[in-house]
Amino acid sequence: MTFLSGLLAFALSSCAITPSAPPIPRLTELAPTAPRVQRLQIFSAESEFQLTAVLAHTHDRLQLAVLSPNGQRLFTLLHDHDGTRYLPDSTISPPVTAPWLASRLGWALWPKESLESAFANTPWSLHSVANRREVLFRHRIQASILLSDACTVIEDFQMKVSMSISPLDSSKPCAPL
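A. The arrangement of the overall build of the protein chain in detail. The number of helices and strands found in the protein chain is three helices and ten strands. For the protein chain, the α and β elements follow one another from N to C terminus as α-β-β-β-β-β-α-α-β-β-β-β-β. Long-range contacts, defined as pairs at least 24 residues apart, comprise 42% of the intrachain contacts of the protein chain with a sequence gap of at least 6. Surface accessibility of the protein chain: about 9,100 Å² in total, with carbon and sulfur atoms responsible for 56%.

B. Main features of the packing of aromatic side chains. Enumeration over the complete set of coordinates arrives at four aromatic pairs. Aromatic pair Phe119 and Trp124: ring centres 6.3 Å apart, planes at 35°, arrangement tilted. Looking at Trp124, the relative accessible area reads 4%, which means it is buried. In this structure an aromatic cluster arises from ring pairing among Trp107, Phe119, Trp124 and Phe137.

C. How the structure looks around helix H2 (residues 98–109). End to end, H2 covers 16 Å across twelve residues, agreeing with the expected 16 Å (1.5 Å per residue, within 8%). Among the twelve residues of H2, ten are classified as buried, and the element is accordingly described as predominantly covered. Taken together, the buried positions of H2 are occupied by Ala98, Trp100, Leu101, Ala102, Ser103, Arg104, Leu105, Gly106, Trp107 and Ala108. If you check the start of H2, you find a side-chain oxygen 3.2 Å away from the backbone N of Trp100, and it comes from Thr97.

D. The arrangement of the pattern of salt bridges in detail. Enumeration over the complete set of coordinates arrives at four salt bridges. A salt bridge links Arg73 to Asp89; its shortest N-O distance comes to 3.4 Å. Of this pair, Arg73 sits in strand E4 (residues 73–80) while Asp89 sits in the loop between strand E5 (83–86) and H2; the two residues are 16 residues apart in sequence, bridging distant segments of the chain. With relative accessibility at 32%, the residue Asp89 sits in the partly exposed group.

E. Spotlight on the sheet that holds strand E10 (residues 161–167). The ten strands are arranged E5-E4-E3-E2-E1-E10-E9-E8-E7-E6 in an open sheet whose pairing can be described as antiparallel. Taken across any chain shown, the strands that pair with only one partner, and hence form the sheet edges, are E5 and strand E6 (124–129). When strand polarity is set aside, the average angle formed by the axes of neighbouring strands in this sheet is 20°. Where strand E3 (residues 61–67) and E4 come together, seven bridges link them in antiparallel fashion.

F. Structural detail: the nonpolar core. Counting 38 residues, the largest nonpolar core has Leu64, Leu101, Trp107 and Ile145 as the members making the most contacts within it. If one sorts the elements of this core by residue count, H2 sits on top with seven residues. In contact with Trp107, not counting residues within four places along its chain, are Pro22, Leu115, Phe119, Trp124, Arg133, Val135, Ala143 and Ile145.

G. A look at unusual backbone geometry. A positive phi angle, close to 65°, is found at Asn121, a residue other than glycine. Note that Asn121 resides in the loop between helix H3 (112–119) and E6. Judged by relative accessible area, which is 85%, Asn121 ranks as exposed. The backbone of Arg138 shows a phi angle near 50°, a positive value even though the residue is not glycine. Locating Arg138 in the fold gives a position in the loop between strand E7 (132–137) and strand E8 (140–147). Judged by its relative accessible area of 59%, Arg138 is exposed.

H. Inspection of H3 at higher detail. Within the span of H3, buried status applies to Ser114, Leu115 and Phe119. All buried residues of H3 fall inside an arc of 130° around its axis, so they share one side. Each element contacted by the buried residues of H3 is listed here: H2, E6 and E7. Downstream of H3 by one or two residues, Asn121 has phi in the positive range, about 65°.

What counts and how
Residues numbered from 1 in each chain as written. Predicted model: local features only at pLDDT ≥ 70, side-chain atom pairs only at ≥ 80, totals over all residues. Heavy atoms only, no water. Helix = DSSP H or I, 4+ residues; strand = E, 2+ residues; numbered from the N terminus. Contact = heavy atoms within 4.5 Å. Areas by Shrake-Rupley, 256 points an atom, 1.4 Å probe, with all protein chains shown as cover. Phe/Tyr/Trp six-rings, centres within 6.5 Å; stacked < 30°, edge-to-face > 60°. Buried < 20%, exposed > 50% of the residue type's maximum accessible area, 1.4 Å probe, protein only. Expected span 1.5 Å × (residues − 1). Polar contact = N/O pair within 3.5 Å; in protein donor to acceptor, adjacent residues only side chain to side chain. Salt bridge = Lys/Arg side-chain N within 4 Å of Asp/Glu carboxyl O. Pairing = 2+ DSSP bridges. Axes fitted to C-alpha atoms, helices over the stretch in contact; angles between N-to-C directions. Core = buried A, V, L, I, M, F, W, Y, C linked by side-chain atoms within 4.5 Å. Arc of directions from axis to C-beta.

Structural data, given as structure tokens:
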């Protein structure tokens, strides 16, 4: 119960007025992968959560199942040709909207060229140098993404939250930027 109340407090502390939803590139531009079990850490000023996530994508769908530390499915994010949404199998109300989570994952998953193409003619833009990406809305940095084989760190400045994604079997979890 403490875990669920902490997650609810995180959700409430993360509420803020956000820019319009960023466009997400076409699924066909994302290389398919088999399901991968990942360690998902979420950091905010008030709390830190370590969860397990199973991520898979094809040219038809991107799916992320988020599990509690004891393996209970908390919620499932689905992005496909019908849009972005949480599946009704959720045992909790996710702390962020489905488009927010899908876009942040997308900023780390899609190739740079696909993001630049999706952002064209919108208030969104991408600045990328080596393994670091910055996503901007009207020339203002919204998020910073650090990409590596060992760990991906997504820092969202608007929501004041960081997420790290690393292989579950990694010897040590990664930390926020």
